[in-house]
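# Notes for the structure review
Take a look at the letters that make up each chain.
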Amino acid sequence: MKTLALRDIIGPIMVGPSSSHTAGALRIAAMARRLCGSRPTKVHFTLYGSFAHTGTGHGTDKALVAGILGLSTDDLDIRRSFELAQEQDVEVDFTFDTTTQTDHPNTVDIHIQEESETSLSVRGVSIGGGAAVISRIDGIDVDITGEHTSVVVRQHDEPGVLAHIATALATHGVNIATTRMYRAARGGAAYTVMETDDAVPFEVQSAIGSSPSVYDVRIIPAAALEDTTTECENNTESVQSLFVGKGEDSAKQTVTAKSSAAEREEAYQNFMTWNFTKGSELISLCGQKNLSISQAFLEREQALAQFEGRNACVNDYLEQVLEVMSEAVHEPLRNPTPSTGGLIGGEAQKLQEASTRILDSLSAHVSAYALAALETNAAMGRIVAAPTAGSSGVIPAVLFALAQEKSLPPDSLKKGLLTAAAVGYLIAHNASVSGAEGGCQAEVGAAAGMAAAAVVEMTGGTPSQALAAAANALSCLMGLVCDPVGGLVELPCQKRNATAANTALVCAQIALSGVTNLISFDETVEALDAVGKSLPFELRESALGGLAATPSACQFCGSCG
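Throughout this document, residue positions are counted from 1 along each chain, in the order its sequence is written. Residues qualify for local features only when their pLDDT is at least 70, as the model is predicted, and side-chain atom pairs are given and counted only at 80 or more; totals for whole chains, interfaces and linings, by contrast, use all residues. Excluding hydrogens and water, the side-chain figures rest on all heavy atoms present in the structure.

### Quick notes on a nonpolar patch on the surface
Selection rule: Any residue with relative accessible area above 30% and no salt bridge may belong to a patch, with like charges joined within 9 Å and the nonpolar Val, Leu, Ile, Met, Phe, Trp and Tyr side chains within 5 Å. Areas reported here follow the Shrake-Rupley algorithm with a probe of radius 1.4 Å; residue values treat only the protein chains shown as occluding. Any carboxyl oxygen of Asp or Glu that lies within 4 Å of a side-chain nitrogen of Lys or Arg is treated as forming a salt bridge with it. By the criteria applied, helices consist of DSSP H or I runs no shorter than four residues and strands consist of E runs no shorter than two, each listed in order from the N terminus.
Taken together, Val506, Ile510 and Val515 make up a surface patch of nonpolar side chains, about 230 Å² in accessible area. Position of Ile510 relative to the elements: it lies in helix α21 (residues 493-512).

The structure is reproduced here in structure tokens:
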């Protein structure tokens, strides 16, 4: 299982409308492009499951083309990727296969013809939150996550090749994290996939390719190395200063690729000190170290970065997240923009103008901000998946409205984000934050739980109260189905974000009042997972059930598929 970090939960920063169907799809295609030996000239995409049913409405087709062209997840040119492909003489076409069953609902096969007259076939899976996996290359099952830099070698299956690859890496000081060899039959074509802890220089690629038994070598950089949001100075101190006088200082030194085995082991042990996989473990860690949840997650993030040999960049990243979130919740209030699907646009401004009729100021701002963020998302604007694009309005709406109404200091927003990330990490680790896997409860429900915990932290509550608030929100939204009308992240997604954001406030208030829960946070997450798995396919982002199957929705779409 991938070791989830801050950017996996509060992120990616991306162009909407869907983290799994847009950002995840783009990353699949980007990895496939990295596997090419020359420029793609013709690409055929076959989409399955949820991808097939909602691919156009979610912008999956545009994202796949953008990935082949090398665009990043936050590039606004994703909107015009078909036009860019035509300009670059890349021919693309699509098959939407709604009948073939695959292991995962977000699956795509990509067949690429290259300028060198060779071809490549890749199967990719979007596993939620913008993360992606390559599961098959030229008919051979593999497992390439993009978590680490991957060296993918196509070779003849014979003795000595694996040793040759390892020697080439070792000679150039590249540390191997994992090694797997995949083959269809003994003595035939095979793939060796080595994940490394650091970037791989071109010299290594040439050295591996020098063997007559090696057909070709491809390097897929780690997602973090391709992420435009990760460039920063090693400014741990600036975010650590939020918590001066609290807890214990974590190690500040980044472990590089050239670190000794002893240093790497020390970094691993340090990470294990701060790691947690259950809510009960998080509460215990906070108690032992006298920390808040935001502090504990910050320590975990820094320790994970140290172990992986990278700068944590927490402060810079949080500031960038808040900047993007702020623009997403405020711009539609100034300049309403119609969505790409035509179902929403202008709702946030209308609510803002009429908000004093019923709601108090806090709830009114929360509701308007949440609607606005989903307008930005549905117009293929830039948003932060938190934990997904479809739920990207909940957390910024709650954080910005609360800080504004209660005159909280700016740093409280960063603490709120870190707390939300901790809760989102626990949900993603033990259940799912993908609508295609667990329904809307896994997206908007998870976001509400994350936001509720953030509210408790920002207003001085305890770690136990924060997790109680998160459990409250999850239980209130458990069973919520994912039924996007027309396969668009517009209706009912926008209104659900607004109501979930207000649910987070209520659940936080209940926890802060001292009302206890019979069922723990961990048990609630287990129940969430079980309910999500029991939902039929029609109610998990397929646009085939719930509101998506009503007569009005069918009339809008022209059919119900």
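### Re the confidence of the model for the protein
The condition that has to hold: How sure the predictor is of each residue is captured by pLDDT, a score from 0 to 100. Note on definitions: a residue-residue contact is assigned when non-hydrogen atoms from the two residues lie within 4.5 Å.
Averaged over all residues, the pLDDT of the protein is 90; the fraction at 70 or higher stands at 93%. Under a pLDDT of 50 for its full length, residues 244-253 has, in the predicted model, 19 contacts with residues more than four places off or in other chains.

### Some thoughts on the sheet that holds strand β2 (residues 40-48)
Under the convention used in this document: Between any two strands, pairing holds if DSSP finds at least two bridges. Fitting a line to C-alpha atoms yields each axis, with helices limited to the stretch in contact; the angle taken between N-to-C directions then spans 0 to 180 degrees.
Sheet architecture is open: six strands sit in the order β3-β2-β4-β5-β6-β7, paired in mixed fashion. The open sheet has two edge strands with one neighbour each: β3 (91-97) and β7 (140-144). The mean inter-strand angle of the sheet, taken between neighbouring strand axes irrespective of direction, is 25 degrees. Across seven bridges, the pairing between β2 and β3 is parallel. Residue pairing for β3: Leu47 is matched across the bridge by Phe96. Here helix α2 (residues 19-34) sits on the sheet and contacts β2, β4 (106-114), β5 (119-128), β6 (131-137) and β7; the angle it forms with β5, its principal contact strand, is near 150 degrees. Contacting β2, β3 and β4, helix α4 (residues 60-69) runs over the sheet at an angle of about 145 degrees to β2.

### Considering the pattern of salt bridges
Counted by the stated rule, this structure contains 17 salt bridges. Here Arg39 and Glu115 are joined by a salt bridge, their closest N and O atoms 3.5 Å apart. Highlighted residues: Arg39 in the loop between α2 and β2 and Glu115 in the loop between β4 and β5, separated in sequence by 76 residues. A salt bridge links Lys414 to Glu319, with the nearest nitrogen and oxygen atoms 3.2 Å apart. Placement of the pair is Lys414 in helix α17 (residues 411-430) and Glu319 in helix α13 (residues 314-334), with a sequence separation of 95 residues.

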